[in-house]
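# Understanding the architecture of this molecule
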Amino acid sequence: MVLSSVSSDWTSRPSQTNSGFTATQPVTLHSADWEPLVLPATKLFGTDGIRGQVDDLLSVPLALQVGFWAGRVLQATTAKPGLIILGQDSRNSSPMLATALSTGLTAAGLEVWNLGLCPTPTVAFLTSTSEAIGGVMISASHNPPEDNGIKFFAANGTKLSPQLQTQIESALRGEGGWASQQKQLAFQPGQHYHRPELVKAYVESLQQPLIPHGNLTGMRIVLDLAWGAAAQLAPAVFEAMGADVICLHDYPDGDRINVNCGSTHLASLKAAVQEHDADLGVAFDGDADRAMAVDAQGRVVDGDYILYFWGETLRQQNRLPGNTIVSTVMANLGFERAWERQGGKLIRTAVGDQYVHAEMVKHGYMLGGEQSGHILCPHYSVSGDGLLTALHLATIVRQSGVSLVEMVDQSFQTYPQLLRNVRVEDRDRRLNWKENARLQQAIAQAEAEMGDRGRILVRASGTEPVIRVMVEAADAELVQHWTDKLVLAVQQYAA
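Predicted model only: the values in this text are computed from it and were never measured. (Residues numbered from 1 in each chain as written. Predicted model: local features only at pLDDT ≥ 70, side-chain atom pairs only at ≥ 80, totals over all residues. Heavy atoms only, no water.)

### A closer look at the overall build of the chain
Scanning the chain for helices and strands turns up 16 helices and 20 strands. Across its three principal directions, the C-alpha atoms of the chain cover 65 × 60 × 40 Å. Buried positions account for 57% of the 495 residues belonging to the chain. A separation of at least 24 residues holds for 72% of the contacts in the chain among residues at least 6 apart in sequence. Approximately 20100 Å² of the chain is accessible, and the part contributed by carbon and sulfur atoms is 48%. In the chain, 37 side chains carry a positive charge and 51 a negative one; their mean positions are 5 Å apart. (Helix = DSSP H or I, 4+ residues; strand = E, 2+ residues; numbered from the N terminus. Buried < 20%, exposed > 50% of the residue type's maximum accessible area, 1.4 Å probe, protein only. Contact = heavy atoms within 4.5 Å. Areas by Shrake-Rupley, 256 points an atom, 1.4 Å probe, with all protein chains shown as cover. Lys, Arg positive; Asp, Glu negative; His and termini not counted. Charge placed at Lys NZ, Arg CZ, Asp CG, Glu CD.)

Next up, the structure:
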């Protein structure tokens, strides 16, 4: 069963006489609406777009001006008319920021197709399969409700290149050749269309590769929707594939998105899977571009396990070039060594799916992702997609003939790994932590004393106001000892 389809010409641009599309008169922008921005000295674009607390870093004036200058930069990359796909998650601030961003885009002369509430991968897919020159999602992913973000996609549905992000930021700051345009603002009339019906084409893209082999009939699956973007979509997709679905946090709620639920808070999912005797559970984050799973015993099946299982499946199908998986420095040593025993190779990148994607594109690899559940498989999608990942994991379990519990038991045992976050509100201090000699000395001491018995990773998050401390070793006591020591050192630095 496939959810109801859309017209085969959905990618065509709406005409003024086509009553099937809802057009909204764009807001007229005047130079008087252009408020001077106070921007941080550090870069606006992090590992996943621009992200921060609403009405602090992320404000309506910022969204409006980001939209305008992004429109100018994107339009300059192509001779095609400017069409942008726009989506948003369920945060209370998302409609406000989406309206401001759309106003900026239309003032730059672009046409906006607004999908409304949808997962981030929906924007990536529809951008790649339409005439769009780019896409943009209003979301802060797994962050708390008070945060939000602006994430751009290129015409092919992948995340916008660092080079184009730098151009947008330079334009926003009036640097280089953009200074004259900042002084002489010229607005053009664009157009805005509401296109929520296009989400159905995205749903079909998820289901079609799995039919008829992906029938989930007889499987009981618990879904934690995190009060987020997939709350209305994911249950229908899994039910259409035949699964018996039990839902948690299953409607859009901007006050509670990601709060003690979703992919970063798995306690309620674990309890529900065991209470309902389910085959597995899946938790999405707020914008559903990642997924974390739980087996029937309540054990976490994270991105490392998902990559291992999916990698085995693709290897058996001769669809995994070089038997290689790309992951990040966060990937567990237990996963890496188990994959090597299978004759495979694991390549590590910096944290962030953009780095994983860049490595995959450079060498033609077909599977990669992060321990956090952000999985990339170009065989099926142009971007990380939590719903797609969850559907394929469930299908792999179904076709294996054994339970997810048995699959985990037969795969690998993870090394003890602790990840602690230290909140550092001062943006400049957070991003410049490597310049602190005392903190560097503490890290060097820990690395020297652990030697080859484990790994240490300290980094500033690109998505949250925290410095992350990760320690991994075969000895759990060693992990706890050095995690405590390094967390204290970071806390002293942040004070």
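Alright, that's what it looks like, and here's the rest.
### As for the sheet that holds strand β19 (residues 454–460)
In space, the three strands of this open sheet follow the order β18-β20-β19, with antiparallel pairing throughout. Looking at the sheet topology across the chains shown, the edges are occupied by β18 (417–423) and β19. With direction set aside, neighbouring strand axes in the sheet form an average angle of 10 degrees. Across seven bridges, β18 lies against strand β20 (residues 466–473) in antiparallel orientation. Directly across from valine 422, in β20, lies its bridge partner isoleucine 467. (Pairing = 2+ DSSP bridges. Axes fitted to C-alpha atoms, helices over the stretch in contact; angles between N-to-C directions.)

### Looking at the packing of helix α1 (residues 60–75) against helix α4 (residues 162–173)
Contact pair α1 / α4: the axes reach a minimum separation of 9 Å and the direction vectors enclose 120 degrees. It follows from the interaxial angle that α1 and α4 lie oblique. Our pair here, α1 against α4, has a crossing hand that is right-handed. Two secondary-structure elements touch here, α1 through Leu62, Gln65, Val66, Trp69, Ala70 and Val73 and α4 through Leu164, Gln167, Ile168, Ala171 and Leu172. (Parallel < 35°, antiparallel > 145°, perpendicular 65-115°, else oblique. Left-handed = near helix turned anticlockwise from the far one by under 90°.)

### A closer look at the packing of helix α15 (residues 437–450) against helix α16 (residues 476–494)
Taken N-terminus to C-terminus, the directions of α15 and α16 make an angle of 170 degrees; their axes are 9 Å apart at the nearest point. Considered as vectors, α15 and α16 are oriented roughly antiparallel to each other. Between α15, through Arg438, Leu439, Ala442, Ile443, Gln445, Ala446, Glu449 and Met450, and α16, the contact on the second element is made entirely by Leu478, Trp482, Leu486, Ala489, Val490, Gln492 and Tyr493.

### Section: the sheet that holds strand β9 (residues 220–224)
The strand order across the open sheet built from five strands is β10-β9-β11-β12-β13, with neighbouring strands paired in mixed fashion. Looking at strand neighbours, the two that pair on one side only are β10 (244–248) and β13 (300–301), the edges of this open sheet. Of the strand pairs in this sheet, β9 and strand β11 (residues 280–284) are connected by four bridges, and their pairing is parallel. Note on β11: the bridge partner recorded for aspartate 224 is alanine 283. Helix α12 (residues 386–400) rests against β9, β11 and β12 (291–295) of the sheet, and its axis sits at about 170 degrees to β11.

### Thoughts on the packing of aromatic side chains
Counted according to the given criterion, the structure contains 13 aromatic pairs. Between tryptophan 69 and tryptophan 178, the ring centres sit 5.9 Å apart and the planes meet at 80 degrees, which makes this aromatic pair edge-to-face. Linking tryptophan 69 in helix α1 with tryptophan 178 in the loop between α4 and α5 (179–183), this pair joins segments that are 109 residues apart in sequence. Like tryptophan 178, tryptophan 69 is buried. Summarising the aromatic geometry, the rings of tryptophan 227 and tyrosine 251 are spaced 4.9 Å apart at their centres and angled 65 degrees between planes, so their arrangement reads as edge-to-face. Pair noted here: tryptophan 227 is in the loop between β9 and α7 (234–240) and tyrosine 251 is in the loop between β10 and α8 (267–275), with a separation of 24 residues, a long-range link. Its relative accessible area of 10% is what places tryptophan 227 among the buried residues. Overall, tyrosine 251 belongs to the partly exposed group, its relative accessible area being 42%. (Phe/Tyr/Trp six-rings, centres within 6.5 Å; stacked < 30°, edge-to-face > 60°.)

### Quick word on the pairing of β19
Counted residue by residue, β19 has six buried out of seven residues, so it is predominantly covered. Here seven bridges tie β19 to β20, and the two strands are oriented antiparallel to one another. Bridge pairing in β20 places isoleucine 456 opposite valine 471.

### A look at the nonpolar core
Within the largest apolar cluster, 69 residues are counted, with the highest numbers of intra-cluster contacts made by Phe238, Phe284, Phe309 and Leu387. Ranked by the residues each element gives to this core, the list is headed by α12, at eight residues. By size, the runner-up hydrophobic cluster in this structure holds 39 residues, among which are Ile50, Val66, Leu86 and Val136. (Core = buried A, V, L, I, M, F, W, Y, C linked by side-chain atoms within 4.5 Å.)

### Structural notes on the environment of valine 66
As for its position among the elements, valine 66 is in helix α1. Taking the C-alpha atoms as reference, valine 66 lies 9.9 Å from serine 102; in sequence the two are 36 residues apart. Discounting residues that sit within four places of it in the chain, valine 66 has contacts with Ile50, Leu101, Ile150, Phe152, Ile168 and Leu172.

### Points about the pattern of salt bridges
Per the stated rule, a full pass over the model turns up 19 salt bridges. The partner of aspartate 289 in a salt bridge is lysine 151, with the nearest N and O atoms 3.4 Å apart. Linking aspartate 289 in the loop between β11 and β12 with lysine 151 in strand β7 (residues 147–154), this pair joins segments that are 138 residues apart in sequence. The class for lysine 151 is buried, based on a relative accessible area of 3%. Two residues, aspartate 409 and arginine 299, come together in a salt bridge whose shortest N-O distance is 2.8 Å. One end of the pair, aspartate 409, is in helix α13 (residues 404–409); the other, arginine 299, is in the loop between β12 and β13, and 110 residues separate them in sequence. Exposure remark for aspartate 409: the relative accessible area of 52% places this residue in the exposed category. Arginine 299 sits in the partly exposed class, given a relative accessible area of 28%. (Salt bridge = Lys/Arg side-chain N within 4 Å of Asp/Glu carboxyl O.)

### With respect to helix α6 (residues 199–207)
For α6, the full list of buried residues reads Val199, Ala201, Tyr202, Val203, Leu206 and Gln207. Turning to α6, the residues buried within the fold contact α3 (120–129), α7 and α12.

### A short note on α3
Buried residues dominate α3, accounting for seven of its ten residues. Among all positions in α3, only Thr120, Pro121, Thr122, Val123, Ala124, Leu126 and Thr127 are buried.

### Overview of the environment of glycine 368
Topologically, glycine 368 is positioned in strand β16 (residues 368–369). Assessed through its relative accessible area of 0%, glycine 368 is described here as buried. For the pair glycine 368 and glycine 384, spaced 16 residues apart in sequence, the C-alpha to C-alpha distance is 9.4 Å. If we ignore the near neighbours within four places in the chain, the residues touching glycine 368 are Leu307, Val326, Val356, Met360, His374, Ile375 and Leu376.

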